[in-house]
Amino acid sequence: MSQVNIARMRSIGWKIAVATAVPILIGMAVLIVYEALQLEATLFRQTEAAKKTVVTLMAEQMAGGVKWEKAEVVEKAYQKLVEQPGNQLSDVLVLKRDGGRLTGGAFDGLKSYPGLESLAGELLSDPDKTIALQWDKPHLVVVTRIGSPTKRFGVLATAWDLTELHLFATTKMLHGSLFGLGTAVFVVAVVMFFLKRGVTGPLQAITGVVTTLAQGDKTVTVPYRDRHDEIGAIANAVETFKQAAIEHDRVEAEARAAQEREAAEKARLAAAEHDKAERLEAFVADIKGGLSRLAEGDLTVRLERPVAAEFEPIRDQFNGSVEKLETTFGTVIGSIGSIRSGLDEINTATNDLAHRTEQQAAGLEETSAALTEVTRAVNDTAESAGRAQNSAETAQKNAEKGGAIVGQAVEAMAEIEKSSEEISKIIGVIDEIAFQTNLLALN
């Protein structure tokens, strides 16, 4: 038997089918056996009654022959029965009233029944019995008294072979069993069909989904989640498990991504630190070289090579400082040259000044004579200034008069302003009276 068949037999569907079929089979078997036994009992009771009737009639027919001990008459009484089709008579024995054997035996193919003579003798010796029956399946033994109740002529003992009847009952039982088995198989098939559609099929589908999920495929769709029974509950539980697995994968992916980002960031920082150290080392080397050249008196030194952004202000400051130092030294050197030129010019100017002084002494005499003329002109100018002063005093007086007139005008303007204010008040009173008048008119 293959592993697949063994797995199917171990499935819940087979277990439910077996659990369903076994009680059905047992119930059907019990019912069939009971019905068969009932049928067999009924058939045997009917056969028993029929055989008792037949044996009683035979005894009445052969009563005269037994009384007169005519064996040929007795044989004719049951010979007709033996010759009938379907005869079930197996053995016949007729005893006389003294117990002697009148006739009997397996005539014309009848099968003898052992013990038939002893049963006939027991009935003959019992005065209270008229008939006796004994079952020895498949044989029925019927023994009856021959004669009237007051006079007994003998005993008729018959053995009937009911094999065909027993076979008929057995056949009926077998047919019933087959019918019951077919019914059970049909019921099991129907149960299996509905189990397949309603239980085992969905369970197998969900089992396949769980297997797929266990293999790592989270894209599988979980069926039967819309059912409102245990299958639906299992499907929803599997869907919850699927979503939890997806969430777990997402969290793991995020954790891995975070670890990768952290590792990349660490590597980037390490590379940056290494690059920064290299740039710092290069910058320090440049500064050292520049300071060495500056110490040797080279004021044209500059840090031309680009450096990192954080070192750029220092480079600019260094270059600026050296440039200012160069400019300062250049200015000092230029000033020294200017001083030298100035000293030369002062020397030349001194010589020129001495020469001009001699010339100016001669000119002073000419200036003194001119000053005399100027003094005379100044006196004339002073007289003219006196006259101008008188005119100014007259103008001042006129101005003072004009100021008085202006003051009076100012006072007049003040009075006009006061009058205007009084007029404004009067106009306001008139407006109030007009408003009151209009109000009264409206009322």
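Residues numbered from 1 in each chain as written. Predicted model: local features only at pLDDT ≥ 70, side-chain atom pairs only at ≥ 80, totals over all residues. Heavy atoms only, no water.

## Description of the packing of aromatic side chains
By convention here, two paired aromatic rings are described through the distance between centres and the angle between planes. Note the threshold: When the centres of two rings from Phe, Tyr and Trp lie within 6.5 Å, Trp using its six-membered ring, the rings pair. Their planes under 30 degrees apart give stacked, over 60 give edge-to-face, and anything left gives tilted. By definition, any uninterrupted DSSP run of H or I lasting at least four residues is a helix, any uninterrupted run of E lasting at least two residues is a strand, and each is numbered from the N terminus. Exposed residues in this analysis have more than 50% of their type's maximum accessible area, buried residues have under 20%, and partly exposed residues fall in between, with area computed by a 1.4 Å probe over protein chains only.
As enumerated under the stated definition, the model contains one aromatic pair in all. For the ring pair Phe44 and Trp135, a centre distance of 4.6 Å and an interplane angle of 80 degrees mean the geometry is edge-to-face. A residue pair is termed long-range when its members are at least 10 positions apart, and Phe44 in helix α2 (residues 12–61) and Trp135 in strand β3 (residues 131–136) qualify at 91 residues. Judged by its relative accessible area of 5%, Phe44 is buried.

## Concerning the confidence of the model for the chain
The cut-off we apply is this: Confidence of the predictor at the level of single residues is given by pLDDT, which spans 0 to 100. Residues are treated as being in contact if the distance between any of their heavy atoms lies within 4.5 Å.
Averaged over all residues, the pLDDT of the chain equals 75, while 73% of them reach at least 70. No element of the chain has a lower mean pLDDT than helix α1 (residues 3–9), at 48, and none a higher one than strand β4 (residues 139–147), at 90. In the model, residues 1–7 has pLDDT below 50 throughout and makes two contacts with residues more than four positions away in sequence or in other chains.

## Some points on the environment of Thr163
As a reminder of what qualifies: Polar contacts, as used here, are pairs of N or O atoms within 3.5 Å; protein pairs need one atom able to donate a hydrogen and one able to accept it. Residues neighboring in sequence count only if both atoms are side-chain atoms.
Locating Thr163 in the fold gives a position in helix α6 (residues 163–214). Measuring from C-alpha to C-alpha, the distance between Thr163 and Gln88 comes to 8.7 Å, with 75 residues separating the pair along the chain. A polar atom in the side chain of Thr163 sits 2.5 Å from the side chain of Asp161.

## What to know about the pairing of strand β5 (residues 152–161)
Quick note on the threshold: A pair of strands counts as paired when DSSP detects no fewer than two bridges linking them.
Taking burial as the measure, the ten residues of β5 include nine buried ones, the bulk of the element. Where strand β1 (residues 89–96) meets β5, seven bridges bridge the pair, whose relative direction is antiparallel. Bridging from a neighbouring strand, Val92 pairs with Thr158 of β5. Pairing analysis gives nine bridges linking β4 to β5, with the strands arranged antiparallel. The partner of Val142 across the bridge, within β5, is Thr158.

## A word on α6
Stated precisely, the cut-off is as follows: The span you would expect from a helix comes to 1.5 Å times its residue count less one. Bend at a residue means the angle formed by two fitted axes: the first through the 7 residues ending at that position, the second through the 7 residues beginning there.
Helix length check: α6, at 52 residues, gives a terminal C-alpha distance of 67 Å against a target of 76 Å (1.5 Å per residue), a shortfall beyond 12%. Maximum bend of α6: about 60 degrees, positioned at Lys196. Positive phi appears at Gly216, one or two residues downstream of α6, with a value of about 105 degrees.

## Focus on the nonpolar core
Basically, it comes down to this: What makes a nonpolar core is a set of buried Ala, Val, Leu, Ile, Met, Phe, Trp, Tyr and Cys residues whose side-chain atoms join them at distances within 4.5 Å.
Of all hydrophobic cores here, the largest spans 25 residues; its most connected members are Met62, Val66, Val94, Ile146, Leu156 and Trp160. Among the secondary structure elements, those contributing two or more residues to this core are α2, α3 (63–67), α4 (71–83), β1, β4 and β5. Those residues within four positions of Ile146 in sequence are excluded, and the remaining contacts are Ala59, Met62, Ala63, Val66, Val94, Lys151, Arg152, Phe153, Gly154, Val155 and Leu156. Formed by 13 residues, the second largest nonpolar core is a distinct cluster that contains Leu95, Tyr113, Leu116 and Val141.

## A closer look at the environment of Thr158
In this fold, Thr158 is placed in strand β5. Residue Thr158 is classed as buried on the basis of its relative accessible area of 0%. C-alpha of Thr158 to C-alpha of Val55: the two residues are 103 residues apart in sequence and 7.6 Å apart in space. Leaving out residues up to four positions away in the same chain, Thr158 has contacts with Val55, Leu89, Asp91, Leu116, Leu140, Val141 and Val142.

## Section: the pattern of salt bridges
Stated formally: Throughout this description, the term salt bridge denotes a Lys or Arg side-chain nitrogen within 4 Å of a carboxyl oxygen of Asp or Glu.
If you walk through the whole model with that rule in mind, you get nine salt bridges. Asp229 is the partner of Arg227 in a salt bridge, and the nearest nitrogen-oxygen pair spans 2.6 Å. According to the relative accessible area criterion, Arg227 is partly exposed, its value standing at 23%. Given the relative accessible area of 29%, Asp229 is considered partly exposed. A salt bridge links Glu262 to Lys266, with the shortest nitrogen-to-oxygen separation between them at 3.6 Å. Separated by four residues within a single helix, Glu262 and Lys266 lie in helix α7 (residues 230–295), roughly one turn from each other.

## What about helix α5 (residues 116–125)?
Let me state the cut-off plainly: Note that the arc is defined by the directions from the helix axis to the C-beta atoms.
Taken as a whole, α5 has its buried residues at Leu116, Leu119, Ala120, Leu123 and Leu124. Buried residues along α5 cover an arc of 140 degrees about the axis, so they all sit on one side. Seen from the buried face of α5, the exposed residues on the opposite side, beyond 90 degrees, are Glu122 and Ser125. Buried residues in α5 make contact with β1, β3, β4 and β5.

## Details of the side chain of Lys242
The cut-off we apply is this: When charges are tallied, Lys and Arg are placed among the positive residues and Asp and Glu among the negative ones, while His and the ends of the chain are skipped.
Looking at the secondary structure, you find Lys242 in helix α7. As a buried residue without a salt bridge, Lys242 has its nearest oppositely charged side chain in Glu239, at a separation of 4.3 Å. Each residue touching Lys242, except ones within four places of it in the same chain, is listed here: Leu213, Lys218, Thr219, Val220, Thr221 and Val222.

## Section: the packing of α6 against α7
The test is simple: For helices, the fitted axis covers only the stretch in contact; all axes are lines through C-alpha atoms, and the angles between them, taken along N-to-C directions, range from 0 to 180 degrees. Should an angle fall under 35 degrees it is called roughly parallel, over 145 degrees roughly antiparallel, and 65 to 115 degrees roughly perpendicular, with every other angle called oblique. Polar here means any residue other than Ala, Val, Leu, Ile, Met, Phe, Trp, Tyr, Cys and Pro, which are nonpolar, and Asp, Glu, Lys and Arg, which are charged; Gly is therefore polar.
In contact at an axis separation of 10 Å, α6 and α7 are set at 5 degrees when each is read in the N-to-C sense. Considering their axes alone, α6 and α7 lie roughly parallel with respect to each other. Facing Gly198, Val199, Pro202, Leu203, Ile206, Val209, Val210 and Leu213 of α6, the residues of α7 in contact are Ile231, Ile234, Ala235, Val238, Phe241 and Lys242. Taken together, the residues of the contact of α6 with α7 break down into twelve nonpolar, one polar and one charged.

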